[in-house]
Amino acid sequence: MSDTDPSDEMNSFDNTHHFDDSVRFITALTHATEQYGGHSHDTDKTIHHIITVLGLKGEILAVPGTMIIALWQDDMHHQTIHIATTRGTNYDMARLGKLRDLIEEVEAGRISPADGLIRIREIEHAPSIYGNYLKALAYFLAGMSFGVLLGISWLDVLIGGILGIIAFGIELLSMRFSRVEYARELLIAALVAFLAGIMGVLLPGLHPLTVTVCALSIYIPGFGLTIAPREILLGDTLSGIIYFMNALFVALKLLLGAVLGLGIAQHFFPVAVTEPLPGINPVFAWVFIPLLVVGMGILYGVLPKNFWLIIVCGVLVWAGVQAGNTLGFWQGTFLGAIILAFYARIAAPMFKIPLSTVLLPVVLMLVPGLAFIQSLYMFNTGEVIAGVGAVSHEFVLIFAIICGIFVGDILGSLKGIKRKG
């Protein structure tokens, strides 16, 4: 005759059932968060908090592309380990925001882990809030707006926007062929630059290199360059290095593709030297900044109700850039980066949005694009000294962005602490 209490068996079954549901929820949540928002120090903190809320213990080893999660209840020797790899981040702030809301409901006990897992599946299978037509419009707006910020001619701006739409079309076509996945940016850059070179022959006064940069502005890895140093400073060294190396390789693929495309086009279709067209009045930049950040917001899945937040941030950042530029060539970028990081850190908890909702669409305004490609082009044409000077100039700007993001993040965090106090 057994002395086992049936209630003990029932409690054991409930505990096991809760543990299994919690494990499935945590692993699915971590995977979805990384897919839509990328890995970061903040993601680790959020997942660790959820593990504690659900009464579990755990350790996470996650870097961009790979994650290992070990979970247990009371007995550390009885662990469940989950290993997963991701093929890349598909930034989607709308889905990331829904995951944030779900986390709050689980924390409050309004939703069980089992129901939370169902919600995650619903979020994953929900259609994107913006279709391909709006995304094509976003490429057009980004290409035009980036050109206006560079101060080029109206003709260059228009062609840059048109080539942006073509770049989006090439991307959609290339996605059907898995073999070109790792060379996608190089292929897009080369084809866009080749078309820009041909247009330079047909349209006298057009600057092929400039319109290429405008069309490819979407692909400039600004977020990777800004988040990498933050990860390193917060202790996630491996994650930061991976982010930086990924951003560097994307930049190199864009540079190589642009040089190849322009080189081939100018070899077969030499461009006659013409007088440059008059540049756009800088006052128009204030008109196109909202268009730029809205276009980027569409590509990153920012909800329409949050557009005003990124527009205000874009205007403030540009004002900081212009004010800082009166002091020197890097001070504007530094001040703009401080404003961006501070604004994002304050707006995220205040309006209950992911931090990336602000950072992703606005950071493109700070990242140097045209001069970096021009410097490589100078090397290709034999202007070594000028190329070295341009490269050093751009690295100073990148360092200014990194320092500005770090300072702004610290100031925003201190402000948040004072508000809580």
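Our subject is the structure listed above.
Read on for a plain summary of the structure. All values reported here derive from a predicted model rather than from experimental measurement. (Residues numbered from 1 in each chain as written. Predicted model: local features only at pLDDT ≥ 70, side-chain atom pairs only at ≥ 80, totals over all residues. Heavy atoms only, no water.)

### Here we look at the overall build of the chain
Consideration 1: A tally of helices and strands in the chain yields 16 helices and three strands.
Consideration 2: Counting across all 421 residues of the chain, residues that qualify as buried make up 49%.
Consideration 3: Taking the intrachain contacts of the chain between residues at least 6 apart in sequence as the baseline, contacts between residues at least 24 apart amount to 72%.
Consideration 4: Accessible surface, the chain as shown: approximately 20,400 Å² in total, 66% of it carbon and sulfur. (Helix = DSSP H or I, 4+ residues; strand = E, 2+ residues; numbered from the N terminus. Buried < 20%, exposed > 50% of the residue type's maximum accessible area, 1.4 Å probe, protein only. Contact = heavy atoms within 4.5 Å. Areas by Shrake-Rupley, 256 points an atom, 1.4 Å probe, with all protein chains shown as cover.)

### Topic: the side chain of Asp-156
Consideration 1: With respect to the helices and strands, the residue Asp-156 is situated in helix α6 (residues 154-174).
Consideration 2: Among buried Asp, Glu, Lys and Arg side chains, Asp-156 stands out as unpaired, with Arg-184 the closest opposite charge at 27 Å.
Consideration 3: A distance of 3.1 Å separates a polar side-chain atom of Asp-156 from the backbone nitrogen of His-207.
Consideration 4: Among residues more than four places away in sequence, those in contact with Asp-156 are Gly-205, Leu-206, His-207 and Val-211. (Lys, Arg positive; Asp, Glu negative; His and termini not counted. Salt bridge = Lys/Arg side-chain N within 4 Å of Asp/Glu carboxyl O. Polar contact = N/O pair within 3.5 Å; in protein donor to acceptor, adjacent residues only side chain to side chain.)

### Some details on α6
Consideration 1: End to end, α6 covers 30 Å across 21 residues, agreeing with the expected 30 Å (1.5 Å per residue, within 8%).
Consideration 2: Of all the residues in α6, the buried ones are Asp-156, Val-157, Ile-159, Gly-160, Gly-161, Leu-163, Gly-164, Ala-167, Phe-168, Ile-170, Glu-171 and Ser-174.
Consideration 3: Here the buried face of α6 lies against α5 (132-150), α7 (184-202) and α8 (208-215). (Expected span 1.5 Å × (residues − 1).)

### Here's the deal with unusual backbone geometry
Consideration 1: At Lys-352, a residue that is not glycine, the phi angle is positive and equals roughly 55 degrees.
Consideration 2: On the secondary structure map, Lys-352 appears in the loop between α13 (331-351) and α14 (356-362).

### Quick look at the packing of helix α3 (residues 93-107) against helix α4 (residues 113-125)
Consideration 1: Look at α3 against α4: their axes get within 10 Å of each other, and the N-to-C directions meet at 170 degrees. It follows from the interaxial angle that α3 and α4 lie roughly antiparallel. Between α3 and α4, the contacting residues are Arg-95, Lys-98, Leu-99, Leu-102 and Glu-105 on the first element and Gly-116, Arg-119, Ile-120, Ile-123 and Glu-124 on the second.
Consideration 2: Residues that form the contact of α3 with α4 fall into these classes: four nonpolar, one polar and five charged. (Axes fitted to C-alpha atoms, helices over the stretch in contact; angles between N-to-C directions. Parallel < 35°, antiparallel > 145°, perpendicular 65-115°, else oblique. Nonpolar A, V, L, I, M, F, W, Y, C, P; charged D, E, K, R; others polar.)

### Points about the pairing of strand β2 (residues 66-72)
Consideration 1: The element β2 is largely enclosed, with a buried count of five among its seven residues.
Consideration 2: Sheet topology places strand β1 (residues 57-63) next to β2; seven bridges connect them, and they run antiparallel. If you follow Val-63 over to β2, its bridge partner there is Thr-66.
Consideration 3: Turn length for the β1-β2 hairpin, with the two strands adjacent in sequence and antiparallel, is two residues, and the turn residue Gly-65 shows positive phi of about 100 degrees.
Consideration 4: Across six bridges, the pairing between β2 and strand β3 (residues 80-85) is antiparallel. Along β3, the bridge assignment pairs Ile-69 with His-82. (Pairing = 2+ DSSP bridges.)

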